[in-house]
Amino acid sequence: MLRPDGIRALLERVTDEPIIANLGSATFDLYHAQQRDANFYTWGAMGMVSSIGLGVALAAPEKKVYVIDGDGSLLMNLGSLSTIARQNPKNLVHIVMDNQQWAETGGQPTHTSTGTDLAEIARGSGIARVVRVSSLEDFEDALDSAIREEGPWCIVADIEEQGHGARPPVSVEENLLRLRRTFTG
Amino acid sequence: MARLVSRWHNAAAMHWTDAIVESLKSHDVWLIPYVPDAIGWQVLSKLEQDPAFHTVPVAREEEAIAVAAGAYAAGKRAAVFVQSSGFGNTINSLAQLAVSHKIPVPVFVGMRGGLGEFNPVQIPSAHPIPGFLDAMNIQHFAPINETDVTSYVDGALELSFASRMPVAVLLYSQLVGAKRATS
Ligand SMILES: Cc1ncc(C[n+]2csc(CCOP(=O)(O)OP(=O)(O)O)c2C)c(N)n1
Ligand SMILES: [Mg+2]
């Protein structure tokens, strides 16, 4: 499975639900797949997308909230899984694109390349619904379940890294305000 | 000559903890991500019992800023409580989310390492905080007298939400009392 295909599969299934994208590849691929006001493209705060997503999910319980995380980034904020489990937001769908590397900094292998299993960590943290997938088909099935059924969900997708699109011209302040306006009108 | 009248005059002083609770309420702050400490807990224990607030204990301080940022992105207001010893853990999200995106996150910091401190390791993590905040262009205020708490906290919250910037309220032992080694 490739990250852009997974992102397209998600975009086919949403209307105005927020998608919080991890710095680098996820942000770039999301932008190139479809620009929408409810996309939040992060450029830093590595590790924090699931925490941002938790804040959005708690503040807007009526909407599904999607997070596209990276393995290296989640490894930097594993406590977030426990925080999410404790809050238990039914509407949060945390997707981890696990390419077993810090792609953005040159493809150095992360700890998932040497046996760390993020799905097991999510389970052990107490996340209600955890699945690990490696094909696009299984990823789509997992998304459909996450849309139908209450979470919180953590979908760990084993992906092959094939690079990402060019750096998009986004103003971070403008992006934040646009996302906010999807809630406040 | 025109006379300036302070909007922030506080005649009868409430207990500092109640003053913070009331200020948060009057500014529609709802979400409270925190890592507990003995100082902040004096307020947090009240916020946890109050249906006007939703408290979110987090595992590490940088999460707290990010959760608050997420709530703001969804149209709600949050304020964060951390201890000075963990303030350094906020920097990743304070810089790369709150300051860079102009997200108003009021941060209450239980300040150790000052008057009456018994624990020497608290000192070097607390002492640089005001200088660090200055370097990041984050305004900070430290009410020392109980009669000032309402005016300082009301003012800090208004400033944060109006400027869409993080603002810090530093809670020193002069206000909150020093923690005893035995307690
Ligand atoms: C706090 C912090 N540390 C380090 C970096 C440098 N950095 C930027 S992207 C990245 C790798 C991210 O890895 P992952 O989350 O797996 O995403 P991928 O690039 O593989 O899609 C690193 C280490 C950073 N931006 N911020
Ligand atoms: Mg990676």
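Residues numbered from 1 in each chain as written. Chains lettered and ligands numbered in written order. Predicted model: local features only at pLDDT ≥ 70, side-chain atom pairs only at ≥ 80, totals over all residues. Heavy atoms only, no water.

Quick look at the overall build of chain B now. In terms of helices and strands, chain B carries nine helices and seven strands. Against the compact-globule benchmark of 16 Å for 183 residues, chain B has a radius of gyration of 16 Å, which places it among compact chains. Taken along its principal axes, the extent of the C-alpha atoms in chain B is 50 × 35 × 35 Å. When burial is assessed residue by residue, chain B has 52% of its 183 residues classed as buried. Here the contacts in chain B between residues at least 6 apart in sequence split such that 78% fall between residues at least 24 apart. Element-wise, carbon and sulfur atoms account for 54% of the exposed surface of chain B, whose accessible area totals about 7,800 Å². Placing the 12 positive and 15 negative side-chain charges of chain B at their respective mean positions leaves the two points 3 Å apart. (Helix = DSSP H or I, 4+ residues; strand = E, 2+ residues; numbered from the N terminus. Rg over C-alpha atoms; globule rule 2.2 N^0.38 Å. Buried < 20%, exposed > 50% of the residue type's maximum accessible area, 1.4 Å probe, protein only. Contact = heavy atoms within 4.5 Å. Areas by Shrake-Rupley, 256 points an atom, 1.4 Å probe, with all protein chains shown as cover. Lys, Arg positive; Asp, Glu negative; His and termini not counted. Charge placed at Lys NZ, Arg CZ, Asp CG, Glu CD.)

All names here are of chain A. In the first shell of the magnesium ion (ligand 2), the protein supplies Asp-71 (OD), Asn-99 (OD1) and Gln-101 (O), at 2.0 to 2.1 Å from the metal. Donor residues for the magnesium ion (ligand 2), ordered by position in the chain, follow D-x27-N-x1-Q. Of this pair, Asp-71 sits in helix H4 (residues 71–75) while Gln-101 is found in strand E5 (residues 101–102), placing the two residues 30 residues apart along the sequence. The residues Asp-71 and Gln-101 share a single accessibility class, namely buried. (Donors = N, O, S within 2.8 Å, 3.2 Å for Na, K, Ca; no water.)

Further remarks concern the site of ligand 1. Taken together, 17 residues sit near ligand 1, with Ser-25, Asp-71, Gly-72, Ser-73 and Gln-101 of chain A positioned nearest. Positioned at a junction of chains, ligand 1 has nearby residues supplied by chains A and B. At 3.2 Å from an oxygen atom of ligand 1 is found a side-chain nitrogen or oxygen belonging to Asn-22 of chain A. Asn-99 of chain A places a polar side-chain atom, nitrogen or oxygen, 2.9 Å from an oxygen atom of ligand 1. Protein burial of ligand 1: of its 580 Å² of free accessible surface, 77% is covered by the chains. Counting residues per element, the ones that place at least two in the shell around ligand 1 are H4 and E5 of chain A. Sorting elements by how many residues they give to the shell around ligand 1 places H4 of chain A first, with three residues. (Near = heavy atom within 4 Å. Polar contact = N/O pair within 3.5 Å; in protein donor to acceptor, adjacent residues only side chain to side chain.)

The interface of chain B with chain A comprises 28 residues on the first partner and 28 residues on the second. Carbon and sulfur atoms supply 65% of the area buried between chain B and chain A, which totals about 2,300 Å² over both sides. At the junction of chain B and chain A, the tally comes to one salt bridge. Between Glu-173 of chain A and Arg-164 of chain B there is a salt bridge, and its shortest N-O distance comes to 3.9 Å. Scanning the region where chain B abuts chain A turns up seven residue pairs in polar contact (both at pLDDT 80 or more). Those elements that place two or more of their residues in the side of chain B that touches chain A are strand E1 (29–34), strand E2 (54–57), helix H3 (61–73) and helix H5 (91–101) of chain B. In terms of residue count, H3 of chain B provides more of the side of chain B that touches chain A than any other element does, eight residues in total. (Buried area = accessible area lost by both parts, 1.4 Å probe. Salt bridge = Lys/Arg side-chain N within 4 Å of Asp/Glu carboxyl O.)

With that settled, consider the packing of helix H3 (residues 49–59) of chain A against H3 of chain B. In contact at an axis separation of 6 Å, H3 of chain A and H3 of chain B are set at 45 degrees when each is read in the N-to-C sense. If you check the angle between H3 of chain A and H3 of chain B, you find them oblique. Like other packed secondary-structure pairs, H3 of chain A and H3 of chain B cross with a definite hand, here right-handed. Counting all contacts with H3 of chain A, which are made through Ser-51, Ile-52, Leu-54, Gly-55, Val-56 and Ala-59 of chain A, the residues of H3 of chain B involved are Glu-63, Ala-66, Val-67, Gly-70, Ala-71 and Ala-73 of chain B. Looking at the contact of H3 of chain A with H3 of chain B residue by residue, the classes come out as eight nonpolar, three polar and one charged. (Axes fitted to C-alpha atoms, helices over the stretch in contact; angles between N-to-C directions. Parallel < 35°, antiparallel > 145°, perpendicular 65-115°, else oblique. Left-handed = near helix turned anticlockwise from the far one by under 90°. Nonpolar A, V, L, I, M, F, W, Y, C, P; charged D, E, K, R; others polar.)

Moving on, we get to the side chain of Thr-112 of chain A. Residues and elements named next belong to chain A. For Thr-112, the position within the fold is in the loop between strand E6 (108–109) and helix H6 (118–125). In this structure Thr-112 comes out as buried when scored by relative accessible area, which is 7%. Looking at Thr-112, its side chain comes within polar contact range of the side chain of Thr-110, at 3.0 Å. Leave out the neighbours within four places in its chain, and Thr-112 touches Asp-71, Leu-75, Asp-98, Gln-100 and Leu-118.

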